[in-house]
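Reading the structure
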Amino acid sequence: MGDQEQKPKASLFPLFPASATTSTTTCTSTSVVPQWLSNTSFTADPSVINNAVSTAIAEEGDEEQEEPPREEQPQSQHHSYELLEDEDEESDGDKYEKRKRRKKKRKRSRESERVIFEFGSRKSVPAKDYFFDSHPDPDNLAYGSLYRMDVPRYKVHNPYNNGDLDALDNKVKSSERYWSAKNAALERNKNFKRFRLLAPKSCADILDDFIPLSDSESSSLQPIIEESWEDEVLRKTREFNKLTRENPHDDQAWLAFAEFQDKVSSMQPQKGSRLQTLEKKISILEKATELNADNEELLLSLMKAYQKRDSTEVLIRRWEEILMQHSGSHRLWREFLHVVQGAFSRFKVSEIRKMYAHAIQALSAACNRQFRQVQQTDKPLDPAIIRLELGLVDIFLGLCRFEWQAGYQELATALFQAEIEFSLFCPSLMLTEQSKQRLFEHFWNSNCPRVGEDGALSWSTWLEKEEENRQRILKEENSDNDDQGGWTGWSEPLSKQKETSINLDVDKKDVTAEELNDEIENEDIKQEDDTEALLKQLGIDIDAEASGEAQDTLTWLKWSKEESSRDCDQWMPVHANSGLVSQKDEVHSEVDEQFSRVILFEDVSEYLFSLSSEDARLSLLYQFIDFYGGKISPWTCTNSSSWTEKILSLEALPDYISQNLTSSSDNCTKEQYSSISSNLTFLLDHANDISRTEMMRFLRNAILLGLTAFPRNYILEEAALIVEELFVTKMNSSSCSVAPCQSLAKQLLKGDRQDLLLCGVYAQREAVYGNMDHARKVFDMALLSKSGLSLDLQSNSSLLYLWYAESELVKDSGNNLESTSRAVHILSCFGSGATYSPYKCHPSSMQLLRAHQGFKEKMKTVRSQWVRGIVDDQSIALVCSAALFEELTTGWATGIEILDQAFSMVLPERRSQSHRLEFLFNCFVRMLQRHQKQSTLSKVWESVLSGLQIYPFSPELFNAVLEFGHLYTTPNKLRWLFDDYCHKKPSVIVWIFALLFEMIRGGSQHRIHELFERALANDMMPKSVVLWRWYIAYEIGIAHNPTAARRVFFRAIHACPGSKKLWLDGFHKLNSVMTAKELSDLQEVMRDKELNLRTDIYEILLQDELVSS
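What you see is a predicted model, and the numbers here were worked out from it, not measured in a lab.

1. Section: the overall build of the protein chain
A count of helices and strands for the protein chain gives 50 helices and 5 strands. In the protein chain, buried positions account for 45% of the 1109 residues. Once local pairs closer than 6 in sequence are excluded, the contacts in the protein chain between residues at least 24 apart make up 69%. Working note: accessible area of the protein chain is about 58,600 Å², and carbon and sulfur atoms make up 51% of it.

2. Comments concerning the nonpolar core
Taken as a class, soluble globular proteins show a tendency for nonpolar side chains to be buried jointly. Counting 261 residues, the largest nonpolar core has Phe624, Tyr628, Trp866 and Leu920 as its most contacted members. A per-element tally of this core places helix 44 (residues 988–1000) first, with 12 residues. In this view, Phe624 contacts Phe416, Ile420, Phe698, Leu699 and Ala702; residues no more than four positions away in its chain are not counted.

3. Focus on the packing of aromatic side chains
Counted according to the given criterion, the structure contains 47 aromatic pairs. Judged by centre distance (5.8 Å) and plane angle (65°), the rings of Phe416 and Tyr628 are edge-to-face. Here Tyr628 lies in the loop between helix 24 (614–627) and helix 25 (641–648) and Phe416 lies in helix 17 (residues 409–424), a separation of 212 residues in the sequence. Note on Phe416: relative accessible area 1%, which makes it buried.

4. Examining the environment of Leu298
Inspection of the secondary structure assignment puts Leu298 in helix 12 (residues 296–309). Accessibility expressed as a relative area gives 0% for Leu298, which makes it buried. Residues Leu298 and Glu286 lie 12 residues apart in sequence; the distance between their C-alpha atoms is 8.7 Å. Discounting chain neighbours no more than four positions away, the residues touching Leu298 are Asp251, Trp254, Leu255, Leu285, Ala288, Thr289 and Asn292.

5. A short note on the side chain of Ser943
Counting through the fold element by element, Ser943 comes out in helix 41 (residues 937–950). Of the polar contacts made by the side chain of Ser943, one reaches the backbone oxygen of Lys939; its length is 2.6 Å. Each residue touching Ser943, except ones within four places of it in the same chain, is listed here: Phe921, Phe924 and Leu928.

6. Some points on the packing of helix 37 (residues 873–889) against helix 40 (residues 915–930)
Where helix 37 contacts helix 40, the two axes come as close as 10 Å, and the packing angle between them is 15°. Taken together, the axes of helix 37 and helix 40 lie roughly parallel to each other. Between helix 37 and helix 40 lies a crossing whose hand is right-handed. Where helix 37 abuts helix 40, its residues Asp873, Ile876, Val879, Cys880, Ala883 and Glu887 lie against Arg916, Leu917, Phe919, Leu920, Cys923, Met927 and Arg930. Of the residues contributing to the contact of helix 37 with helix 40, the split by class is 9 nonpolar, no polar and 4 charged.

7. Let's talk about the pattern of salt bridges
Taken as a whole and assessed by the stated rule, the structure comprises 47 salt bridges. Residue Glu1099 is joined to Arg566 by a salt bridge in which the shortest nitrogen-to-oxygen separation is 2.7 Å. Of this pair, Glu1099 sits in helix 50 (residues 1097–1108) while Arg566 is found in helix 21 (residues 553–569), placing the two residues 533 residues apart along the sequence. Classification of Arg566 by relative accessible area gives buried; the value is 13%. Bridged by salt links that share partners, the residues Glu410, Glu563, Asp567, Arg597, Lys1060 and Arg1094 form one connected network.

8. Details of helix 43 (residues 971–984)
Over its 14 residues, helix 43 runs 20 Å from end to end, which matches the ideal 20 Å to within 8%, given 1.5 Å per residue. Leu974, Arg975, Leu977, Phe978, Tyr981 and Cys982 are the residues of helix 43 that are buried. End-on view of helix 43: buried residues confined to an arc of 160°, all on one side of the axis. For helix 43, the exposed residues lying more than 90 degrees away from the buried face are Trp976, His983 and Lys984.

9. Some thoughts on the side chain of Thr636
By secondary structure assignment, the location of Thr636 is in the loop between helix 24 and helix 25. Polar side-chain contacts of Thr636 include one of 2.9 Å to the side chain of Ser640. With residues up to four places along the chain from it excluded, the contact list for Thr636 reads Ser642, Trp643 and His915.

10. Some remarks on unusual backbone geometry
Phi at Ser458 takes a positive value of approximately 90°, unusual for a residue other than glycine. Residue position: Ser458 is located in the loop between helix 18 (433–445) and helix 19 (459–484). When its relative accessible area of 4% is taken as the criterion, Ser458 is described as buried. At His1040, a position not held by glycine, the phi torsion is positive, near 55°. By the element assignment, His1040 lies in the loop between helix 46 (1025–1037) and helix 47 (1042–1055). Given a relative accessible area of 57%, His1040 falls into the exposed group.

11. Things to note about the environment of Ala1076
Turning to its location among the elements, Ala1076 is positioned in helix 49 (residues 1076–1088). Residue classification places Ala1076 among the buried residues on the basis of a relative accessible area of 9%. Sequence-distant contacts of Ala1076, defined by excluding residues within four places in its chain, comprise Ala550, Gln551, Asp552, Thr553 and Trp556.

12. Description of the packing of helix 31 (residues 756–768) against helix 34 (residues 797–810)
Closest axis-to-axis distance for the helix 31/helix 34 pair is 10 Å, and the angle between their directions is 10°. The angle between helix 31 and helix 34 falls in the class roughly parallel. From helix 31, Leu756, Leu757, Gly760, Val761, Gln764 and Ala767 reach across to helix 34, where they touch Leu799, Leu800, Trp803 and Ser807. Considering only residue class, the contact of helix 31 with helix 34 consists of 7 nonpolar, 3 polar and no charged.

13. Quick word on the confidence of the model for the protein chain
Overall, the predicted model of the protein chain reaches an average pLDDT of 78, with 69% of residues at or above 70. Segment residues 151–175 is flagged for pLDDT under 50; beyond a separation of four residues in sequence, or across chains, it makes 92 contacts in the model. With pLDDT under 50 throughout, residues 203–208 is counted as low confidence; its partners more than four residues away or in other chains account for 3 contacts.

14. With respect to the environment of Glu645
The topology assignment puts Glu645 in helix 25. Counting along the chain gives 251 residues from Glu645 to Asp394, while the straight-line C-alpha distance between them is 8.1 Å. Apart from the residues lying within four places of it in its own chain, the contact partners of Glu645 are Arg334 and His338.

Cut-offs and rules
Counting starts from 1 at the beginning of each chain's written sequence and moves along it residue by residue. For a predicted model such as this one, the threshold for reporting local features is a pLDDT of at least 70, and the threshold for listing and counting side-chain atom pairs is 80 or more; totals across whole chains, interfaces and linings nevertheless cover every residue. For the side-chain quantities, the full set of heavy atoms in the structure was used; hydrogens and water were omitted. Numbering of helices and strands runs from the N terminus, with a helix taken as a DSSP run of H or I at least four residues long and a strand as a DSSP run of E at least two residues long. Residue burial is assigned from relative accessible area. The probe radius is 1.4 Å, only protein chains are included, and a residue is buried under 20% of its type maximum, exposed over 50%, and partly exposed in between. Residues are treated as being in contact if the distance between any of their heavy atoms lies within 4.5 Å. Methods summary: accessible areas were calculated by the Shrake-Rupley approach with a probe of 1.4 Å, and residue burial reflects only the protein chains presented. Buried residues of nine kinds, namely Ala, Val, Leu, Ile, Met, Phe, Trp, Tyr and Cys, make up a nonpolar core once their side-chain atoms join them within 4.5 Å. Aromatic rings from Phe, Tyr and Trp, taking only the six-membered ring of Trp, are treated as a pair when their centres fall within 6.5 Å; an angle between ring planes under 30 degrees marks them as stacked, one over 60 as edge-to-face, and anything in between as tilted. In the analysis that follows, any N or O atom pair within 3.5 Å is treated as a polar contact, provided that within protein one partner can donate a hydrogen and the other can accept it, and provided that, for residues neighboring in sequence, both atoms belong to side chains. To get an axis, fit a line to the C-alpha atoms, keeping to the stretch in contact for a helix; angles then go from 0 to 180 degrees between the N-to-C directions. Under this scheme an angle from 65 to 115 degrees is roughly perpendicular, one under 35 degrees roughly parallel, and one over 145 degrees roughly antiparallel; angles in between are oblique. By convention the crossing between two helices is left-handed if the near helix lies anticlockwise of the far one by an angle smaller than a right angle, and right-handed if it lies clockwise. All residues other than Ala, Val, Leu, Ile, Met, Phe, Trp, Tyr, Cys, Pro, Asp, Glu, Lys and Arg, Gly among them, are scored as polar; the first ten of these are nonpolar and the last four charged. Only one rule defines a salt bridge in this text: a Lys or Arg side-chain nitrogen within 4 Å of an Asp or Glu carboxyl oxygen. One less than the residue count of a helix, multiplied by 1.5 Å, gives the span that helix is expected to have. Each direction from the helix axis to a C-beta atom contributes to the arc, which is the arc of those directions. Known as pLDDT, the predictor's per-residue confidence is scaled from 0 to 100.

What follows is the structure in structure tokens.
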């Protein structure tokens, strides 16, 4: 009672009352800590978590016996909300009554310091009354926090049985509020029960007709089940066991059963329990693969589970066993190659090459085996063979990209040259695979130009000319023999003569080669002696340890810059017979360096394969153009495996993705975020490392040679003209009054004047450079001449009409009315089916009406084709033309409706795998962007979100999301959207746009770091060099934390050891936080991993000495 006699002291701050006696807390001891910190909102006794379950059984019986009926409790237990100053003015009598009531409660519960309240009860009669408070808590404002003595305890009311919706078993009880540490622990208790509301099974079939409203009916059907987490695990396990036992070949059931184990593991805090759950998951998947041995999804899921448990050596051994049984699966090979490339401990470039060789040879054998079976039956090519060949091409591209990133650019280029010659320009001879390779070896070892080089003829043309020369020589020899006449003695066959002459030449060459080698070795020894003497004179000890090579980090910075420069210049292979560095490369004095750039036939022979389908050959050529930086029209869907694999394996973002990111940044950036947007250039601006001029010439030559294999392919023709523009503009930096590709386009048109699409592509390029008058002449010429062509060629006119109208609308030359009138005239001629005539005046009302009716009839034809699954470029162009015509004449809403109806004609499965339908949806989004001010938010936003559900990896759609979301939605909604797609459909594109949005909005560094870490915690994202390089660049350029960037760098090279550019980032960007010894060690590890290093550190040291002297 001494506490009652002590008067409260006045406080200087009303938020922090000085009296500590008015509150009876569990912490009664006085201390120097202010009272507001003793609030249970901020403190928690860890012992109550451990004692919560252990003391529950002993308390259960006592409380049930001693607790009086609910009606005996006073009804005045409502907490009163009073002002802050009223608490200090409370009378001593009221305080005494409150303490007396508390003592009674302690006696009933036999606790001396705290009161235990039940979370709920399993009895049908509630143990206590319930109160609902819908008003906010005023004490939060008064006290600056939750006030423990004056806050109501909220309970969720269950209307069915007047009990708690969340209930605990009688063995577990709790006090405190929901935010306390004790209740947080009890939430994860296995005996914590919840009610599940289930729909009645008897009403499952008629729920579409009506919904029962009677509570009695629903209660009689018992739709409520009380279930704890342990009960749920047992129930679902029984269900999955029954489902897999009844349907053992249902792979989705097995996969769902395995995924449920991941959910169970996430609820287990102990590591041992999680490992047991992982073992159970593995046993489930092993049983599934026994029953479904050929199912790739189950095998991949099983190997991912093994990866979490087994070591790298054991995992790779398991992979080899599976691939021995499924050698014809390109998906399994691709995942296996991901695993071996990411294993840092056993990473060697030579070992990875062997794995790629095994994969290509196994898949090539599977393709040949299936192709021979098809040839015997005279059936059309099976789609399974096409998919297998496309997968084989993707793995070959992975090999080329791996060689390029490891520093072997010449080998990557030679692989492309060899495979394109071998599969696209093979002579039309009935040869076995071994015979083809022997014949190709002669071509490769000759001095003739290869694909992309000046004067290249292709393998088949070279062989024809060689045969012509051989026949000509034989005729000359025969004519000489005829002129001599008479007996000339026995003579050996020509082949024998050639063999002997060749042998003599070879012997002579061997002798000269040996002499040259001896001379070179002697010169090397002399040069080494001279170099050693020079180094000793300079004070450089070549026998010292690596740390003694370069004591200054600036020296390593110069080395890395020189290494990057040589990587940029030395990408073309050198011919063995020429001995000269091809094209622009400088002639170096080091002979071994030249020979290291010579790619022999043995270097490429293991990776050659034949392709029988046109789709696979085009895929090889298209990906070759994209690999070397050429701009090409969309030829594959963003949902395809080849596209996702390409994005995942990139070291830098391509131009079209960077353009979308820049557009998003420009649309979302405001003045207050100008500093953030300026720093984004550090991420989006990646310097173009490769010498673009020579590479564009190489690419132009290769595309022109590819057009001989695929004539009248407008995608290749457009790529050739764009590459020519890049080549000419790099050679001549002055502004062009005409399109730089004009001479090449005219040269191609001279070869084929009936190629309407080539005319349209060329006219588009003229319009891009502002030469609209010349573009109109080309378009008019092509459309006027189509009447004299075959029906097959006339069907391409729909693309011409669309390109012509779009060019008029884009290049309006400042006169919007005239350009719109011209576009309407072009489209009306197309819709009405009338003979095209050049523009003179705006079309009449009758012409417009005929065009409307004509487009309706054409759309019916398109519908009948699309129902049968025939979706081609001509039908897509027709739909886009009809929508554009309606937009210009009737209104944008009608055009949107046409595109929407056309898109709904196709089944969802075909939509998600067709790049043409993705192009159609992008047209739909662009039309919405043009009229976003007139359209409603719901229409625009729902359309974009529906497109994202079909194409979740599309950069254009995410660009639209940021543009529309910036204008119409809150940042939190966009964050929710990005988080949802990052969780459900993770990809490099989604993470890049999510990070870009946070940086543009000036998001906190904690949020951005969390996004980076969540991205790299995914199973596949650590293989993305782009994400690692973005992370390092962000830490250095925006967060200004080089120490954190250093930590990220070491994680990055451990996850992606095959990226030389990533290793060199450590020298370029982190030399300020890394010592010379660490940089030297990095170079030694790069050599140990067999990355191609072209520069010796001693060259840099000699240059520095020469400069200083």
